[in-house]
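# Tertiary structure, described
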Amino acid sequence: MSRGSVENTPLYKRIYAVVRQIPAGHVATYGQIARIVGRCTARLVGYAMAALPSDTDVPWHRVINHQGKISPRSTGDCGIRQREQLEAEGIRFNHQARTDLRAVGWQGPDRRWLRRHGPGVAAPPQE
DNA sequence: CGGCTGACTCTGG
DNA sequence: TCCAGAGCCAGCC
């Protein structure tokens, strides 16, 4: 079923599309994803992650909270698995279980990717 | 159509 | 730097 445009795609779907752009060895925060998606809050991103199936191709493990830590979930020990997944990609955790967002933080999707999606997806904050 | 669920971020002290 | 409180939307049954 071709949704055609991104604007016709459900918000969750758009969030997954952005998360899929995160390259291995890098991580992004929920707030950052929300900002890129546009018209979306950090919580919605977290909720969208929780709604992901176990066999998803979305690299949900590369999405962490603003503290640079893996967000605690209600059920399952997937959090531990998430950390191992990140470590396998070269992400290092300190004794505080925190990652260095300055080093492994995602810079955002390619400008062309944003263009390809057209309206509906806001550009990342430019400092 | 109403209600429940869920993986966050920001600001102040 | 750490802790606490408030704000908040979309999907699904």
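Above this text you will find the structure in question.
The shown structure was predicted, so the numbers you read here are calculated from the model rather than taken from an experiment.

## Some points on the overall build of chain A
Helix and strand counts for chain A come out as 6 helices and 2 strands. Counting only residues that meet the buried cut, chain A has 40% of its 127 residues in that class. Taking contacts inside chain A between residues at least 6 apart in sequence as the whole, the part at least 24 apart equals 66%. Accessible surface for chain A amounts to roughly 8,100 Å². Of this, 47% is attributable to carbon and sulfur atoms.

## Points about the environment of Thr41
Within the secondary structure, Thr41 sits in the loop between α2 (30–37) and α3 (42–50). It is 22 Å that separates the C-alpha atoms of Thr41 and Gln82, two residues lying 41 residues apart in sequence.

## Description of the protein's contact with DNA strand B
Residues in close proximity to DNA strand B total 16 residues, the closest being Arg43, Tyr47, Ala50, Ser71 and Ser74. In the environment of DNA strand B, a phosphate oxygen lies 3.4 Å from a nitrogen or oxygen atom belonging to the backbone of Tyr30. Measuring from a phosphate oxygen of DNA strand B, one finds a backbone N or O atom of His66 at 2.9 Å. Elements represented by at least two residues in the surface near DNA strand B include exactly α2 and α3. Looking at the surface near DNA strand B element by element, the count peaks at 6 residues for α3. Here the surface near DNA strand B is built from residues that sort into 7 nonpolar, 7 polar and 2 charged.

## Topic: unusual backbone geometry
Not every positive phi belongs to a glycine, and Arg39 is a case in point at roughly 55°. Positive phi, close to 65°, is recorded for Ala97, a residue that is not glycine. Assignment of secondary structure puts Ala97 in the loop between α4 (78–88) and α5 (101–104). On the basis of relative accessible area, Ala97 is assigned to the partly exposed category, the value being 30%.

So, how was this worked out
- Starting afresh in each chain, residues are numbered from 1 along the sequence in its written order.
- Here the convention is simple: chains get letters from A, ligands get numbers from 1, in the order in which they are written.
- Whole-chain, interface and lining totals are the exception, using all residues; otherwise, since this is a predicted model, local features are given only for residues with pLDDT of at least 70 and side-chain atom pairs are given and counted only at 80 or more.
- Just so you know, side-chain values use all the structure's heavy atoms and leave hydrogens and water out.
- Helical segments are the DSSP runs of H or I of at least four residues, strand segments are the runs of E of at least two, and each set is numbered from the N terminus.
- Here's how the labels work: a residue is buried when its accessible area is under 20% of the maximum for its type, exposed when over 50%, partly exposed in between, all with a 1.4 Å probe on protein chains only.
- Contacts: residue pairs with any heavy atoms within 4.5 Å of one another.
- Exposure was quantified through the Shrake-Rupley algorithm and a 1.4 Å probe, taking into account, for residues, occlusion by the shown protein chains and nothing else.
- Only a single heavy atom is needed: when it lies within 4 Å of a molecule or strand, its residue is near that molecule or strand.
- Two N or O atoms count as a polar contact when they lie within 3.5 Å, although within protein this holds only if one can serve as hydrogen donor and the other as acceptor, and sequence-adjacent residues are included solely when both atoms are side-chain atoms.
- Each residue gets one of three labels, nonpolar for Ala, Val, Leu, Ile, Met, Phe, Trp, Tyr, Cys and Pro, charged for Asp, Glu, Lys and Arg, and polar for the others, Gly among them.

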